[in-house]
Amino acid sequence: MQITVTVNGAVYKREVEPRLLLIHFLRDDLRLTGSHWGCDTSNCGACVVWLDDTPVKSCTVLAAMADGHRVRTVEDLERGGRLDPVQEGFAQCHGLQCGFCTPGMMMTARWLLDHHPDPSPEKIREAISGQICRCTGYENIVRSIVWASKHAGWGQPDGEGGTEVTA
Amino acid sequence: MQVPAHVEYEKAASVEHALELLARFGPEARILAGGHSLIPMMKLRLAQPETLVDINGLDELSYLSVVNGSVANGGAPGGELRIGALTRHAQLLDSAIAGELFAILHDAERVIADPIVRNWGTIGGSLCQADPSEDLSATFAALKATLVIRGQQGTRTVPARDFHTAPYETVVAPGEILTEIRIAIRGTHGGQKARGDSKARGERIGSAYEKVGRRVGDWPVGAAGAALWLRGDTIVEAGIGLSAVGARHFAAAEAEEFLRGAAATPEAFARAGEIAAQHCNPSADQRGPADYKRHLARELTIRALRRAKLRAEARPAA
């Protein structure tokens, strides 16, 4: 079947099998490998992306279900060469070690801060409770998201910071 | 790598259209709502439908509304809370009016899976999956909800307690769709005095859900929900739902019968817990031995009743 999905603002038309999972569509068909394919059982949350404006576990959504919808992945956090405050927070507070859970964590964090700009650590822990990190013990992830909440203007042209991404 | 078997896919444009598609593709077609039960089952090849009928675009099935009741006074008696089957778990948890009317709904939703799964999983999907450890089945049993099922021949309503026929099986026939859950509002839910239904005047409702799981987001080892309608200290009506402990219809009917007309005392709740535990039929599995689950049925019933009573008492007297 043919699907049309807007991913990070770009429109993609692709022929897919109906059984194709969204995570594999993103990684294998579109080569957007930022989203990670983890447990495959909707437990770990490494594959979290936004479907329209809602974080979902993309290992448990068919690519066909995204037909006609928008998807946002971790690749879209950095804008115009400037990191999102969430990304900067993870860098500042050592919010990752191996980095496998990070894309999902950051997409959930971005959504949380869009809806609750100043969340308590408890609220953050609840928000990421469907996502597993085997390195950090979560403490630094919570700190990273708190950092992002305190630096909401980070990276904006008229805001603080604004580290240029060089890669 | 877990991948579903080959499947055909159709996108429904309306409930009518979905019913047409189900009729056209026959009993091997399955409704695809949030997919958070069905897709994992398909990955494990425990489910192998020939055709998926995707209803995610049907906004007409996604709503929470109070009918014949006023939101301002917390829902006047005689009304109903109606929940569209495609309503996501997160929407029910975010609904202030649902939580105000029936706190048990928020108690249960808070412990169903995790926030990300709740964003996409649906109320109707959870019920139709009919897992014997499902939380909302016990919740709606406690609230004595009514389920609305649509087919091409028309619409029928089924008490929540008659919905499940066996583990993973419901009365929804091939060619039918669960469209709505209705919960009757009786008694005072807070705010102003009860109006209208004179029989229910002076009643106060409280409800609660208690679950023990091995870890956050897991299915329950055991769970109990309770709804109490009190007049003064007297129990006018009681609803007790049980999950994961092999209770018939996810309910503890004998314990409810014992409570009806009794005073809402700790002794009565303790006895109701005993009765609920006697009449359930838990089986041992990786989540725990049968005697522990029976213990949970008793203890969680008592705790849910206790909390339901406190919540009823916290409402202003009518």
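Note that the structure is a prediction, hence the values are computed from the model and not measured.

K.L.:
I'm lost on the interface of chain B and chain A in this one. Help?
P.N.:
It is common to give the size of an interface as the accessible area lost on bringing the parts into contact. Taken residue by residue, the interface counts 29 residues in chain B and 29 residues in chain A. Here chain B and chain A share an interface that buries about 2300 Å² over both sides, 65% of which is from carbon and sulfur atoms. The largest share of the area that chain B buries against chain A comes from B:Tyr9, B:Ile116 and B:Trp120, three residues that together contribute 26% of it. For the pair chain B and chain A, the number of links is 4 salt bridges. Counting every contact that joins chain B to chain A gives 9 residue pairs in polar contact (both at pLDDT 80 or more). For the side of chain B that touches chain A, the elements supplying multiple residues, two or more each, are strand S1 (8-11), helix H2 (38-43), strand S3 (51-54) and helix H6 (115-120) of chain B.

K.L.:
Any chance you could explain the pattern of salt bridges here in plain terms?
P.N.:
A side chain with one charge may pair with a side chain of the opposite charge, provided their charged atoms come close. All names here are of chain B. A complete count under the given rule lists 37 salt bridges over all chains for this structure. Glu 16 is the salt-bridge partner of Arg 150, the closest N and O atoms lying 2.4 Å from each other. Of this pair, Arg 150 sits in strand S6 (residues 146-151) while Glu 16 sits in helix H1 (residues 15-25), placing them 134 residues apart in sequence. According to the relative accessible area criterion, Arg 150 is partly exposed, its value standing at 23%.

K.L.:
Is there a simple way to think about the sheet that holds strand S7 (residues 154-159) of chain B in this case?
P.N.:
Strand pairing in a sheet is mediated by backbone hydrogen bonds. Such pairs are either parallel or antiparallel. All names here are of chain B. Strand order in this open sheet of 5 strands is S4-S5-S10-S6-S7, and the pairing throughout is antiparallel. The open sheet has two free edges, formed respectively by strand S4 (64-67) and S7, since each of these has just one partner strand. The sheet shows a mean angle of 25° between the axes of neighbouring strands, direction not considered. For S6 and strand S10 (residues 177-184), the ladder comprises 5 bridges, and the chain directions are antiparallel. When the sheet's bridge partners are listed, Ile 149 is paired in S10 with Leu 178.

The rules we used
- Residues numbered from 1 in each chain as written.
- Chains lettered and ligands numbered in written order.
- Predicted model: local features only at pLDDT ≥ 70, side-chain atom pairs only at ≥ 80, totals over all residues.
- Heavy atoms only, no water.
- Contact = heavy atoms within 4.5 Å.
- Buried area = accessible area lost by both parts, 1.4 Å probe.
- Salt bridge = Lys/Arg side-chain N within 4 Å of Asp/Glu carboxyl O.
- Polar contact = N/O pair within 3.5 Å; in protein donor to acceptor, adjacent residues only side chain to side chain.
- Helix = DSSP H or I, 4+ residues; strand = E, 2+ residues; numbered from the N terminus.
- Buried < 20%, exposed > 50% of the residue type's maximum accessible area, 1.4 Å probe, protein only.
- Pairing = 2+ DSSP bridges.
- Axes fitted to C-alpha atoms, helices over the stretch in contact; angles between N-to-C directions.

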